[in-house]
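Summary of the model geometry
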Amino acid sequence: MTQDFQEINIQIPRTDKPRVVIIGGGFAGLNIMKAIDTRYYQVVVLDRHNYHTFQPLLYQVATAGLEPGSIAGPLRHFIENNEEVFFRMAKVTRINPERRTVTTPVGELKYDYLIIACGSRTNYFGKDEAFKEALPLKQIPQALNMRSHILQNFEKAVNTVDSYELRSLLNIVIVGGGPTGVEVAGALGELRSHVLPKDYPELNFRQMQIYLVEGLPRLLNGMSDKAGRKATKYLKDFEVNLMLNTIVESYDGKEVRLNNGEIIPTQTLVWAAGVKGNIIPGLPDEVIERDRILVDDFNRVRGSDSIFAVGDIAQLTTEKYPKGLPMLAPVAIQQGERLAKNLNRAMEGKEMKPFKYTNKGYMATVGRNRAVVDMPNGWSFGGFMAWMAWMFIHLLYLIGFRNKLVVLNNWIWNYFTYDRGIRLIIRPFNREEKLKQHEAEISGVK
Ligand SMILES: Cc1cc2nc3c(=O)[nH]c(=O)nc-3n(C[C@H](O)[C@H](O)[C@H](O)COP(=O)(O)OP(=O)(O)OC[C@H]3O[C@@H](n4cnc5c(N)ncnc54)[C@H](O)[C@@H]3O)c2cc1C
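Note that the coordinates shown come from a computational prediction; the quantities given were computed from them, not determined experimentally.

All right, on to the nonpolar core then. The biggest cluster of nonpolar side chains holds 91 residues, and the ones touching the most others in it are Ile 22, Leu 57, Ile 115, Phe 154 and Ile 174. Each of domain 1 (19-48 + 90-122 + 276-347) and domain 2 (135-273 + 369-442) contributes no fewer than three residues to this core. Every residue in contact with Ile 174, bar those within four places of it in the chain, is listed here: Gly 181, Val 184, Ala 185, Leu 188, Ile 210, Tyr 211, Leu 212, Val 213, Val 270 and Ala 272. With 31 residues, the next largest nonpolar core counts Ile 23, Leu 109, Ala 309 and Tyr 321 among its residues.

This is how it looks when you write it as structure tokens:
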């Protein structure tokens with residue numbers, strides 16, 4: 001390949017092969033990188049971070065169970081020894097279909113094929129301003145914010161005499177009774193039972209209340225009734241206060257207001273209520289539906305032959321999923337693999353195959369020894385076996401052998417010692433910085 005750099009701005013060597021630009025090195029992007037045949041294509045991956053994040057374990061970073069490095073992997077590692085794959089750390093701010101380029105703060109880049117795999121972002125359901133003080137859980141820096149913020153509150157609490165202020169420092173409210181909310185509540189319940197009283201003997205942990213607020217009448221709405229009932233029981237074992245059929249109206253950083261008129265003093269509101277597609281400006285409005293990009297069975301963006309969307313950002317409806325496929329890792333992984341194989345087939349003169357989602361089941365964990373699993377055949381189970389299955393699947397899908405070893409090690413240590421060794425305030429929570437990030441995120445800049 002000639003090292004002739006002639007790009008509009010982003011510097012990528014020239015080649016005669018068609019260039020595939022992938023926005024996002026998440027589950028979908030990574031699996032395209034692995035399966036695409038670089039005998040046919042030059043591949044450029046753009047991501048705002050230089051690492052892949054294993055989001056299903058973010059809550060363990062937020063609750064001092066795991067180091068951030070153990071759930072992430074450097075994206076450059078995946079392109080080692082492949083001269084036809086390039087990575088650039090850059091946030092794509094605009095797609096320009098008419099010029100076949102993407103815009104980033106470090107310049108523009110031309111594509112022959114564009115794959116949008118930029119995932120989702122926190123959904124405040126139109127109340128972005130009312131929940132600017134809430135703590136979202138979508139990225140590693142946010143998980144670290146949560147960890148530091150909770151620990152900083154305990155450090156403040158030991159010096160606080162005012163009883164209302166003390167309650168607001170200790171209380172934690174989690175919004176959203178889906179898998180993330182349930183997992184965070186379970187992990188915090190465990191911390192309160194086994195870890196925090198040892199660290200802070202001067203505090204009375206009967207004063208620390210954990211609330212899980214859910215607008216629907218049940219937990220884990222995307223899973224079976226049985227799973228929802230079991231998760232409810234497990235959380236009650238941890239003395240988590242469940243508030244079903246309840247909506248959080250607003251939060252000012254000190255008090256949460258609920259739609260039933262109740263006010264809970266808390267300086268920690270965890271937002272686990274949902275996500276929406278992370279739309280990048282530039283595509284026509286007609287291809288955007290419910291904040292996702294409409295695609296056909298081949299993940300082609302409607303009306304385009306050269307732009308594809310995969311994973312959380314793609315809106316693919318089927319008879320079984322009339323509202324669109326779920327925003328889950330297996331969907332992103334399977335779509336990434338299928339699309340890469342289809343692009344390879346196109347170069348081999350073969351027909352592309354339509355994407356078909358294989359449901360591998362759903363699971364959520366609620367603290368030690370407790371999890372719920374819904375199998376694809378309708379069988380549902382909970383308890384210790386489900387917890388083992390949850391750990392096995394997460395280790396299996398976790399990126400990198402080193403990460404698997406580190407996580408397994410941590411889990412074994414935590415299990416036998418009832419300890420959470422990572423109760424560290426390494427990067428203190430900074431409210432002003434957090435508010436700036438919130439502003440940037442909701443305005444689409446970040
Ligand atoms: C807390 C949490 C827990 C979850 N737990 C589970 C679970 O247990 N099981 C499950 O199946 N799913 C779970 N999910 C959902 C799962 O993580 C997503 O469905 C999956 O990550 C989607 O993959 P993706 O490739 O579409 O997007 P992502 O994995 O989110 O990757 C998107 C990538 O795009 C990059 N990016 C975004 N915007 C830009 C831009 N403008 N320019 C450049 N790069 C950009 C991001 O940095 C990121 O690397 C969870 C999600 C969260 C947040």
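Pairing is mixed across the open sheet formed by 3 strands, whose spatial order is 20-21-23. Whereas interior strands pair on both sides, the edge strands pair on one side only; in this sheet they are strand 20 (288-289) and strand 23 (314-315). Summarising the sheet, strand 21 (residues 292-294) and strand 23 pair through 2 bridges and their orientation is parallel. Bridging from a neighbouring strand, Leu 294 pairs with Gln 315 of strand 23.

Moving on to the layout of surface pockets. Estimated volume of the second largest pocket: approximately 280 Å³. Every residue lining the second largest pocket is counted, 14 residues in all, and those nearest its centre are Glu 133, His 149, Gln 267, Phe 429 and Arg 431. Sorting the residues of the lining of the second largest pocket by element identifies helix 3 (140-157) and helix 10 (431-442) as the ones contributing at least two each. With 4 residues, helix 3 is the largest single contributor of residues to the lining of the second largest pocket. Here the lining of the second largest pocket is built from residues that sort into 3 nonpolar, 5 polar and 6 charged.

Two strands in a sheet stick together by hydrogen bonds in their backbones, pointing the same way (parallel) or opposite ways (antiparallel). Ordered by their spatial adjacency, 5 strands build an open sheet running 11-18-12-13-14, and the pairing between neighbours is parallel. Where the open sheet ends on each side, the last strands, each with one partner, are strand 11 (135-136) and strand 14 (241-243). Bridge count between strand 12 (residues 172-175) and strand 13 (residues 210-213): 4 bridges; the pairing is parallel. The partner of Ile 172 across the bridge, within strand 13, is Ile 210. Most of the contacts of helix 5 (residues 179-199) go to strand 13, to which it runs at about 170°, and overall it touches strand 12, strand 13 and strand 18 (269-271).

The end-to-end C-alpha distance of helix 6 (residues 225-237), which contains 13 residues, comes to 19 Å, matching closely the 18 Å that a straight helix rising 1.5 Å per residue would cover. On its buried face, helix 6 is in contact with helix 5, strand 13, strand 14, strand 25 (371-374) and strand 26 (380-382). At the exit of helix 6 stands Glu 239, carrying a positive phi of roughly 60°.

Among the structural elements, Asn 403 can be located in helix 9 (residues 401-417). Taking relative accessible area as the criterion, Asn 403 reaches 5% and is therefore assigned buried. At 3.5 Å, the side chain of Asn 403 forms a polar contact with the backbone oxygen of Ser 70. Apart from the residues within four sequence positions on either side, Asn 403 is in contact with Gly 69, Ser 70, Ile 71, Ala 72, Gly 73 and Leu 398.

Further remarks concern the pattern of salt bridges. Oppositely charged side chains can pair when the atoms bearing their charge come close. In this structure the tally under the stated criterion is 19 salt bridges. The network of salt bridges with common partners includes Glu 98, Arg 99 and Glu 108.

This part is about the site of the ligand. Taken together, 31 residues surround the ligand, and among them Ala 28, Asp 47, Gln 55, Val 92 and Asp 312 come closest. At a separation of 3.5 Å, an oxygen atom of the ligand approaches a polar side-chain atom of His 49. Between the ligand and Gln 55 there is a distance of 2.8 Å, counted from an oxygen atom to a side-chain nitrogen or oxygen. In the complex, the protein chains occlude 91% of the 1,000 Å² of accessible area that the ligand would expose alone. At the level of secondary structure, the elements contributing two or more residues to the shell around the ligand comprise helix 1 (27-35), strand 2 (42-47) and helix 7 (329-347).

We now examine the packing of aromatic side chains. One pass over the full model with this rule turns up 14 aromatic pairs. With 6.2 Å between their ring centres and 85° between their planes, Tyr 41 and Tyr 113 make a pair best called edge-to-face. Here Tyr 113 lies in strand 9 (residues 113-116) and Tyr 41 lies in the loop between helix 1 and strand 2, a separation of 72 residues in the sequence. Judged by its relative accessible area of 1%, Tyr 41 is buried. Ring geometry for Phe 131 and Trp 271: centres 4.5 Å apart, planes at 40°, overall tilted.

On to the domain arrangement of the chain, then. Partitioning the chain into structural domains gives domain 1 (19-48 + 90-122 + 276-347) and domain 2 (135-273 + 369-442). Just the C-alpha atoms count here: the centres of domain 1 and domain 2 sit 32 Å apart. Across the interface of domain 1 and domain 2, roughly 630 Å² is buried in total on both sides, 57% from carbon and sulfur atoms. At the boundary of domain 1 and domain 2, one finds 2 residue pairs in polar contact (both at pLDDT 80 or more). Looking at which element gives the most residues to the side of domain 1 that touches domain 2, the answer is strand 10 (residues 120-122), with 3 residues. Grouping the constituent residues of the side of domain 1 that touches domain 2 by class yields 2 nonpolar, 2 polar and 2 charged.

Tallied over the entire structure, the rule returns 4 cavities of 30 Å³ or more. The space that makes up the largest cavity amounts to roughly 230 Å³. If you trace the largest cavity, you find 17 residues lining it, with Gln 60, Glu 190, Trp 387, Trp 411 and Arg 420 closest to the centre. Those elements that place two or more of their residues in the lining of the largest cavity are helix 2 (58-62), helix 5, helix 8 (384-397) and helix 9. Here the lining of the largest cavity is composed, by residue class, of 7 nonpolar, 6 polar and 4 charged. For the second largest cavity, the calculated volume is near 70 Å³. When contributions to the lining of the second largest cavity are tallied by element, the ones reaching two or more residues are helix 3 and helix 5. Tallied by class, the residues present in the lining of the second largest cavity amount to 8 nonpolar, 1 polar and 2 charged.

Parameters and conventions
- Residues numbered from 1 in each chain as written.
- Predicted model: local features only at pLDDT ≥ 70, side-chain atom pairs only at ≥ 80, totals over all residues.
- Heavy atoms only, no water.
- Core = buried A, V, L, I, M, F, W, Y, C linked by side-chain atoms within 4.5 Å.
- Buried < 20%, exposed > 50% of the residue type's maximum accessible area, 1.4 Å probe, protein only.
- Domains from an automatic or database assignment.
- Contact = heavy atoms within 4.5 Å.
- Pairing = 2+ DSSP bridges.
- Helix = DSSP H or I, 4+ residues; strand = E, 2+ residues; numbered from the N terminus.
- 1 Å grid on protein atoms, 1.4 Å probe; cavity = no way out; pocket = protein on both sides within 12 Å on 5 of 7 lines; lining within 4 Å.
- Points joined across faces, edges and corners; volume = space filled by probe spheres on them.
- Nonpolar A, V, L, I, M, F, W, Y, C, P; charged D, E, K, R; others polar.
- Axes fitted to C-alpha atoms, helices over the stretch in contact; angles between N-to-C directions.
- Expected span 1.5 Å × (residues − 1).
- Polar contact = N/O pair within 3.5 Å; in protein donor to acceptor, adjacent residues only side chain to side chain.
- Salt bridge = Lys/Arg side-chain N within 4 Å of Asp/Glu carboxyl O.
- Near = heavy atom within 4 Å.
- Areas by Shrake-Rupley, 256 points an atom, 1.4 Å probe, with all protein chains shown as cover.
- Phe/Tyr/Trp six-rings, centres within 6.5 Å; stacked < 30°, edge-to-face > 60°.
- Buried area = accessible area lost by both parts, 1.4 Å probe.

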